[in-house]
Amino acid sequence: PTSNDLSHGEETETVSKLAFIILQNPLTSRDHYMHNANLQELTLSMSAGTDGGRLRASGQFMTGYKPIIEANTVTADTSASDYAKGLFDCTTSTFGGDAAVVRDFSVTISNPANRVGYQGSSGETDGYVRGGAFGITGSITMKADSLQQVNEDTFWKANASAAIALGDGTNIDFSIPKANVSNISYDMADEGVFQTVDFTATSGADGGSSLATLKFT
């Protein structure tokens, strides 16, 4: 992402990298267009107690251009199907190579952009720059039992990494090969003891692996 040309007027690079968002108003002449919006942060989450464990997405957008207020003439795509996969479709769930009974899982991908300069009579941005670090953080809540007990000495205090694998290998798949544990907390729930492990995805020793591989089809 850091090599993309996000300058004002550049179409070949930005057309597939920035979003065009429509906020519909009951007064059709007051629809708001948020164009050339950069996705600053994306969170993907699944919880056994929310929406039947279905995958949910939330994000934060930013634009350096003023909104356009007019009637919406864009036709919605009615052929697209809703994504219905989630936590209970994951036939594989492991942490550090050991099986895990997962209750909650989330990852947040951050790749923020900052506006650069001004152009036009309205002082809109002259482009964006991505100078910050690309990062992935997250958390996984698992049952603490004989199969899966995250040991603070092994992962946290020793600053060691663990592989996280969650998915069915075809339609939904999360793979984080080198997750560094940043915190461990425990929940004495009625259904048993659960451990929540906060982590940061890393590229491993000498940058030898990807931060994460995500697949949704």
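Residues numbered from 1 in each chain as written. Predicted model: local features only at pLDDT ≥ 70, side-chain atom pairs only at ≥ 80, totals over all residues. Heavy atoms only, no water.

Considerations on a nonpolar patch on the surface
Judged by side-chain polarity, Y186, M188 and V193 come together as a nonpolar surface patch covering roughly 290 Å² of accessible area. Mapped onto the elements of the fold, V193 is located in strand β15 (residues 192-201). (Patch = residues over 30% accessible without salt bridge, like charges linked within 9 Å, V, L, I, M, F, W, Y side chains within 5 Å. Areas by Shrake-Rupley, 256 points an atom, 1.4 Å probe, with all protein chains shown as cover. Salt bridge = Lys/Arg side-chain N within 4 Å of Asp/Glu carboxyl O. Helix = DSSP H or I, 4+ residues; strand = E, 2+ residues; numbered from the N terminus.)

So, the pairing of strand β5 (residues 92-95)
Side-chain positions along a regular strand alternate between the two faces of the sheet. Burial along β5 is one-sided: S93 and F95 are buried, and none of T92 and T94, which face the opposite way, are. In terms of strand pairing, β5 meets strand β13 (residues 161-167) through four bridges, oriented antiparallel. Along β13, the bridge assignment pairs F95 with I164. One ladder, built from two bridges, connects β5 with strand β6 (residues 98-99); its direction is antiparallel. From the neighbouring strand, F95 faces β6, where its bridge partner is D98. (Buried < 20%, exposed > 50% of the residue type's maximum accessible area, 1.4 Å probe, protein only. Pairing = 2+ DSSP bridges.)

Here we look at unusual backbone geometry
Backbone geometry at N36 places phi at a positive 50 degrees, although glycine is not the residue there. Tracing the chain through its elements places N36 in strand β2 (residues 31-47). Non-glycine residue D51 carries a positive phi angle of around 55 degrees. Inspection of the secondary structure assignment puts D51 in the loop between β2 and β3 (56-62).

Some thoughts on the pairing of β2
Bridge count between strand β1 (residues 19-23) and β2: four bridges; the pairing is antiparallel. Paired with I21 across the bridge in β2 is M34. Examined bridge by bridge, β2 and strand β4 (residues 68-70) share three bridges and lie antiparallel to one another. Residue Y33 lies in a different strand from β4, and its bridge partner there is I68. When β2 meets β3, the two strands line up antiparallel, connected through seven bridges. Following the sheet pairing, L44 is matched in β3 by A57.

Digging into the pattern of salt bridges
This structure, assessed with the given rule, holds four salt bridges. Notably, a salt bridge pairs R56 with D51, separated by 3.3 Å at the nearest N-O pair. Residue classification places R56 among the partly exposed residues on the basis of a relative accessible area of 43%. Look at D51 and you get exposed, because its relative accessible area is 52%. Salt-bridge contacts for R103 lead to D104; the nearest nitrogen and oxygen are separated by 3.1 Å. Since its relative accessible area comes to 22%, D104 is described here as partly exposed.

Nothing here speaks to function; it is geometry throughout.
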